[in-house]
Amino acid sequence: MRFSVITIFPEYFESPLSVGIVGRAIDRGLVEVDLVDLRRYGKGPHRQVDDAPFGGGPGMVMMIEPLAAALDPLADTHRILFAPAGRPLRQEMLDRWAGMGHVTLVCGRYEGVDERVAEHLIDEEVSLGDFVLAGGEVAALAVIEGVARLVPGVVGNPESLLHESFRRGEIEEPHYTRPAEFRGWKVPDVLLSGDHARIAAWRAEQRRRRTRERRPDLVDDGEDGGTPTS
Ligand code: JF5
């Protein structure tokens, strides 16, 4: 699996890509990340990549020329732009991108990106959620990590991928480990009972309750039938 990342901060990615599951996947050659420094394609002696918005207003807009120059050699890849106005990221997208072999991640910065980039040079505009970041770099890292763990051989036990709660449209039940009591806070008795049928029923009930309480948008009895998660 190959990721090309277009960013004005390639150094931002160094530590996150060197540790944990992703770091090991890169070391083993299962995942490759090519960092493309957008400034390389910047305009003039200052390598300018942003300019004032037409029509006025605050902030700066990322210019189309540097982005086009960086994206043209990647025209045969699936190109994703991160921005708050994109479609919300979901597990189904990560599943789909994991099957693509090579995706390009474009990290927006400043107030926005010239709309002609999204319109002509990008396949999908994606958001991490309803909040604003300083740039798309965190979103790119989230996608690299979420996709990398789906690449065959990256995660030790691939069985665990199938049992993920998001694939069932629910959130997870609570987990506990030793000690059975800490500061008087007890682990639910049922988990110590050894009765596997009762444990499974309790966990299923916990998932239903927590989903209803915390994520009513996932529950399949609303107006819109719930948000599919995979
Ligand atoms: C960004 C223009 C990109 O704020 C974000 C973001 C939020 N969710 N997903 C991405 O990206 C930074 C800001 C303005 C383009």
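Residues numbered from 1 in each chain as written. Predicted model: local features only at pLDDT ≥ 70, side-chain atom pairs only at ≥ 80, totals over all residues. Heavy atoms only, no water.

### Structural notes on the nonpolar core
It is characteristic of soluble globular proteins that their nonpolar side chains tend to be buried jointly. We apply this condition: Nonpolar core, defined: a set of buried Ala, Val, Leu, Ile, Met, Phe, Trp, Tyr and Cys residues in which side-chain atoms within 4.5 Å join the residues together. Think of it in three bands: residues with accessible area under 20% of the maximum for their type are buried, residues over 50% are exposed, and the middle band is partly exposed, with areas taken using a 1.4 Å probe on protein chains only. Secondary structure is summarised from DSSP: a helix means a run of H or I of at least four residues, a strand means a run of E of at least two, and numbering begins at the N terminus for each. The contact criterion used throughout is that any non-hydrogen atoms of two residues lie within 4.5 Å.
One finds F3, V31, F82, W97, L105 and I144 to be the most contacted residues of the largest nonpolar core, which totals 29 residues. Elements with a contribution of two residues or more to this core: β1 (2-7), α2 (20-27), β5 (78-88), α4 (91-98), β6 (102-107) and α6 (137-148). If you tally residues by element for this core, the top one is α6, at seven residues. Beyond its immediate stretch of four places on either side in the chain, I144 contacts F3, V5, L17, V22, V33 and L105. The next biggest cluster of nonpolar side chains, apart from the first, holds 18 residues, and it includes V36, L38, L71 and I122.

### Thoughts on the site of the ligand
Let me state the cut-off plainly: Here a residue counts as near a molecule or strand whenever at least one of its heavy atoms sits within 4 Å of it. Whenever a nitrogen or oxygen atom comes within 3.5 Å of another N or O atom, the pair is scored as a polar contact, on the condition that within protein one atom can donate a hydrogen and the other can accept it, and that pairs from neighbouring residues in sequence are kept only if both atoms are in side chains. Working definition of accessibility: Shrake-Rupley area with a 1.4 Å probe, residue cover restricted to the visible protein chains. The nonpolar class holds Ala, Val, Leu, Ile, Met, Phe, Trp, Tyr, Cys and Pro. Asp, Glu, Lys and Arg form the charged class, and all remaining residues, Gly among them, are polar.
In the region of the ligand, 15 residues are neighbours, and P84, L128, F131, L133 and G135 sit closest. S127 is positioned such that a nitrogen or oxygen atom in its side chain is 3.4 Å from a nitrogen atom of the ligand. L133 places a main-chain nitrogen or oxygen 2.7 Å from an oxygen atom of the ligand. In the complex, 97% of the free accessible area of the ligand, which totals 370 Å², lies under the protein chains. For the shell around the ligand, the element with the most residues is β5, which contributes three residues. Of the residues assigned to the shell around the ligand, the class counts are eight nonpolar, six polar and one charged.

### Comments concerning the sheet that holds β6
Selection criterion: At least two DSSP bridges between two strands are required for those strands to pair. Only the contacting stretch of a helix is used when fitting its axis, a line to C-alpha atoms as for every element, and angles between N-to-C directions run 0 to 180 degrees.
The parallel open sheet is built from five strands, whose spatial order is β2-β1-β6-β5-β8. Either end of the sheet is taken by a strand with one partner, and the two such strands are β2 (32-37) and β8 (124-127). Direction aside, the axes of adjacent strands within the sheet are offset by 30° on average. As defined by bridge partners, β5 adjoins β6 across five bridges and the pair is classed as parallel. What sits directly across from H78, in β6, is V103.

### Some remarks on the environment of E115
Tracing the chain through its elements places E115 in helix α5 (residues 115-120). With relative accessibility at 52%, the residue E115 sits in the exposed group. Residues E115 and M63, spaced 52 residues apart in sequence, show a C-alpha to C-alpha distance of 9.5 Å.

### Details of the packing of aromatic side chains
Note the threshold: In this analysis, rings of Phe, Tyr and Trp, with Trp reduced to its six-membered ring, are considered paired at centre separations within 6.5 Å, and the interplanar angle assigns stacked below 30 degrees, edge-to-face beyond 60, and tilted for intermediate values.
Taken as a whole, this structure holds two aromatic pairs when the rule is applied. Ring geometry for Y12 against F13: centres 6.0 Å apart, planes inclined by 65°, an arrangement best described as edge-to-face.

### Some points on the side chain of T7
Here T7 shows up in strand β1. Residues in contact with T7, not counting those within four places in the same chain, are F13, V36, D37, L38, C107 and E137.

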